[in-house]
Amino acid sequence: MFDARAIRKQFPILERQVHGVPLVYLDNAATSQKPQAVLDALTDYYTRYNANVHRGIHTLAEEATAAYEAARARIARFIGAAGPEGVLLTRNTTEAINLVAYAWGRRHLREGDEVLLTEMEHHSNLVPWHLLAAEQGVRLRHIGITDEGYLDLSNLDELLTERTRLVSVTHMSNVLGTINPVRLLAERAHQVGAMVLVDGAQSVPHLPVDVADLGCDLLAFSSHKMLGPTGVGVLYGRPEVLETFSPFLGGGEMIQEVYLDHSTYADLPHRFEAGTPNIADAIAFGAAIDFLSGLGMEQVREHEVALTSYALRALSQVDGLTIYGPQDPQHRGGVIAFNLEGVHPHDLGTLLDQMGVAVRAGHHCAQPLMRRLGVPATARASFYLYTTEEEIDVLVTSLEKVKEFFVNAGRRAGRAV
Ligand code: PLP
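Residues numbered from 1 in each chain as written. Predicted model: local features only at pLDDT ≥ 70, side-chain atom pairs only at ≥ 80, totals over all residues. Heavy atoms only, no water.

A.B. asks: In this structure, what is going on with the packing of aromatic side chains? I would like to understand it.
C.D. replies: The way to describe two aromatic rings as a pair is by their centre distance and the angle between their planes. Evaluated as defined, the whole model comprises 8 aromatic pairs. Ring centres of F11 and F291 lie 5.7 Å apart, and the angle between their planes is 85 degrees; this geometry places the pair in the edge-to-face category. Remark: F291 occurs in helix α10 (residues 279–295) and F11 occurs in the loop between α1 (4–8) and β1 (17–18); sequence separation between them is 280 residues. Just as F11 is buried, F291 falls in that class too. (Phe/Tyr/Trp six-rings, centres within 6.5 Å; stacked < 30°, edge-to-face > 60°. Helix = DSSP H or I, 4+ residues; strand = E, 2+ residues; numbered from the N terminus. Buried < 20%, exposed > 50% of the residue type's maximum accessible area, 1.4 Å probe, protein only.)

This is how it looks when you write it as structure tokens:
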């Protein structure tokens, strides 16, 4: 049975106190905490077999190379990729998306070509396309969202045409929690010959994700949001698709032969990994994947659906609280953005922190979505496999205290609130 309370014990940081009270960590959409197994994998690499990969013939280099490539193979299995050659290790989701814009977009897109995005994208799936649009005259189009927080597909036929070369869409919104119908979008995109890139930064950590089921060509995600270290991300690509990319960064490791005036390039995946990679963090990411696979992603998702329904019910009892995004926990992840009437989200975040509750406040790198919602910012609580109902109770009581504080402050100031 999935037991979040038992699982938490494997995360040393969750024992921490802040401001003299136990930490309630509800900022998992920003980054997750790391289990002891991941911390051990890092220490083990640096204390036993620290060496550069792919270039040494000594024992340590061979061990490091084997561990690094084993991590890649684990990642491939975790997302149902046919083999490790389609798994490119990057710094993060942002770099993975930029890699597509630089290595594919600059080579293949021309003036008049279209890239279809959505109004709920994170800046990392907007800005790389802005740069490309400015350089190459590519037209950017956007799927809007409904008032309930779903993608509005009513005008998809008009948005998706034979001019569309790429559909790049988030699988799960980092603000609304909405889980988008990526499979359907991929089918429709392929009908007009467009390629499909999925931003899996929020979905891969929290849902079972299989690239064959999704039908996508490319998938980007980050280790640090799924129990692994910062500094490692993934661009998965169907090898036939990656073969059409130009090299991204040039240098060591990504070549076959180098002459004074030209080079030939290595096979996949190394062609896209110039220079010494982030060996330790990639190996520890492999340990994070083992941890998640050991629990089972179906179980992780089930736990989060239960927590999200519990949280939506409890939060809807708080007077003056506006919750954004779909109401149905089956169609959303454990990310809940909200605003408390009369309290700026930054003040809310600061006061919650005083009570030990870590949430995020701001635009969440989704300014176009904030405009669509008609707010400058929101607070956001986000859960993970170690989050408990008791922690959600602490969030709710803390919100009540914040309200009380503001009501009393308002009364003291002699104004009606
Ligand atoms: N896409 C989404 C949906 C995200 O939530 C995030 C991070 O918050 C990113 C992309 C960017 O991830 P990273 O900062 O790891 O590159």
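A.B. asks: I tried to follow the pairing of strand β4 (residues 87–90) on my own but got confused; where do I start?
C.D. replies: Regular strands place side chains that alternate from one sheet face to the opposite one. Burial along β4 is two-sided: the face carrying V87 and L89 and the face carrying L88 and T90 are both buried. Bridge count between β4 and strand β10 (residues 233–237): 4 bridges; the pairing is antiparallel. Looking at the pairing, V87 lines up with Y236 of β10. (Pairing = 2+ DSSP bridges.)

A.B. asks: Would you mind showing me how to read a nonpolar patch on the surface here?
C.D. replies: A contiguous nonpolar patch, built from Y102, V127 and L131 and spanning about 250 Å² of accessible area, is present on the exposed surface. Its location among the elements puts V127 in helix α5 (residues 127–136). (Patch = residues over 30% accessible without salt bridge, like charges linked within 9 Å, V, L, I, M, F, W, Y side chains within 5 Å. Areas by Shrake-Rupley, 256 points an atom, 1.4 Å probe, with all protein chains shown as cover. Salt bridge = Lys/Arg side-chain N within 4 Å of Asp/Glu carboxyl O.)

A.B. asks: For this particular structure, what's the right way to read the site of the ligand?
C.D. replies: Near the ligand you find 13 residues, and of these T94, D199, Q202, S222 and K225 are the closest. Q202 places a side-chain nitrogen or oxygen 2.7 Å from an oxygen atom of the ligand. Expressed as a share of its isolated accessible area of 390 Å², the protein-covered part of the ligand is 89%. (Near = heavy atom within 4 Å. Polar contact = N/O pair within 3.5 Å; in protein donor to acceptor, adjacent residues only side chain to side chain.)

A.B. asks: Would you take a moment to explain helix α3 (residues 59–78) for this structure?
C.D. replies: Helix length check: α3, at 20 residues, gives a terminal C-alpha distance of 28 Å against a target of 28 Å (1.5 Å per residue), a fit within 8%. Among all positions of α3, only A61, A64, T65, A67, Y68, A71, R72, I75, A76 and F78 are buried. Contacts made by the buried residues of α3 are with α2 (36–48), β4, β9 (218–222), β10, α10 and α11 (297–316). (Expected span 1.5 Å × (residues − 1). Contact = heavy atoms within 4.5 Å.)

A.B. asks: Looking at this model, I keep getting lost on the sheet that holds strand β7 (residues 164–170). Mind explaining?
C.D. replies: Here we have 7 strands laid out as an open sheet, ordered β4-β10-β9-β8-β7-β5-β6, and mixed in their pairing. Lying at the two open borders of the sheet, with one neighbouring strand each, are β4 and β6 (139–143). Between one strand and the next, the sheet's axes are offset by a mean angle of 20 degrees, whatever the strand orientation. Pairing of β7 with strand β8 (residues 195–199) involves 5 bridges; the strand directions are parallel. Residue pairing in the sheet places L166 in a bridge with M195 of β8. (Axes fitted to C-alpha atoms, helices over the stretch in contact; angles between N-to-C directions.)

A.B. asks: What exactly am I supposed to notice about the pairing of β8 here?
C.D. replies: The buried fraction of β8 amounts to 5 of the 5 residues, a majority that puts the element mostly inside the structure. Judged by which residues are buried, β8 turns out to be covered on both faces: M195, L197 and D199 on one side and V196 and V198 on the other are all buried. Read as a crossover between parallel neighbours, the route from β7 over helix α7 (residues 182–191) to β8 is right-handed. The pairing of β8 with β9 spans 3 bridges and is classified as parallel. Its bridge partner being in β9, L197 is matched across the sheet by L218. (Right-handed = clockwise from strand over helix to strand, strands pointing away.)

A.B. asks: Explain the nonpolar core here, please?
C.D. replies: Core analysis: the largest hydrophobic core is formed by 82 residues, its most contacted members being I79, L219, F221, M226, L227, F285 and L385. Ranked by the residues each element gives to this core, the list is headed by α10, at 11 residues. In contact with L385, not counting residues within four places along its chain, are F2, A4, I7, F11, L227, F291, L292, L295, V300, H303 and E304. (Core = buried A, V, L, I, M, F, W, Y, C linked by side-chain atoms within 4.5 Å.)

A.B. asks: Help me understand the sheet that holds strand β13 (residues 321–323) in this model?
C.D. replies: Adjacent strands of a sheet form backbone hydrogen bonds with each other and so pair up, either parallel or antiparallel. Taken in spatial order, the 4 strands of this open sheet run β13-β14-β17-β16, and their pairing is antiparallel. Each having just a single partner strand, β13 and β16 (360–362) make up the two edges of the open sheet. Strand-to-strand twist across the sheet, computed as the mean angle between neighbouring axes with direction ignored, equals 30 degrees. Relative to strand β17 (residues 378–382), β16 is paired through 3 bridges, and the arrangement is antiparallel. Bridged to R360 within β17 is R380.

A.B. asks: Can you help me understand the pattern of salt bridges in this one?
C.D. replies: Opposite charge on two side chains lets them pair, provided their charged atoms get close. Under the criterion given, the structure shown has 21 salt bridges. The closest approach of N and O atoms between R55 and E253, which form a salt bridge, is 2.9 Å. Of this pair, R55 sits in the loop between α2 and α3 while E253 sits in the loop between α9 (239–242) and β11 (255–258), and the two are 198 residues apart along the sequence. Classification of R55 as partly exposed rests on a relative accessible area of 47%. Residue E253 is classed as buried on the basis of its relative accessible area of 18%.

A.B. asks: Where do I start with the packing of helix α4 (residues 93–108) against α5 in this structure?
C.D. replies: Each packed pair of helices is defined by two parameters, the angle between the axes and the distance between the axes. Remark: α4 packs on α5, axes separated minimally by 9 Å, with the N-to-C direction vectors making an angle of 20 degrees. The angle between α4 and α5 places the two elements in the roughly parallel class. Here α4 and α5 pass one another in a crossing that is right-handed. In this structure, α4 contributes I97, N98, V100, A101, Y102, G105 and R106 to the contact, and α5 contributes P128, W129, L131, L132, E135 and Q136. For the contact of α4 with α5, the class distribution of residues is 8 nonpolar, 3 polar and 2 charged. (Parallel < 35°, antiparallel > 145°, perpendicular 65-115°, else oblique. Left-handed = near helix turned anticlockwise from the far one by under 90°. Nonpolar A, V, L, I, M, F, W, Y, C, P; charged D, E, K, R; others polar.)

Scope: geometric values only; no functional claims are made or implied.
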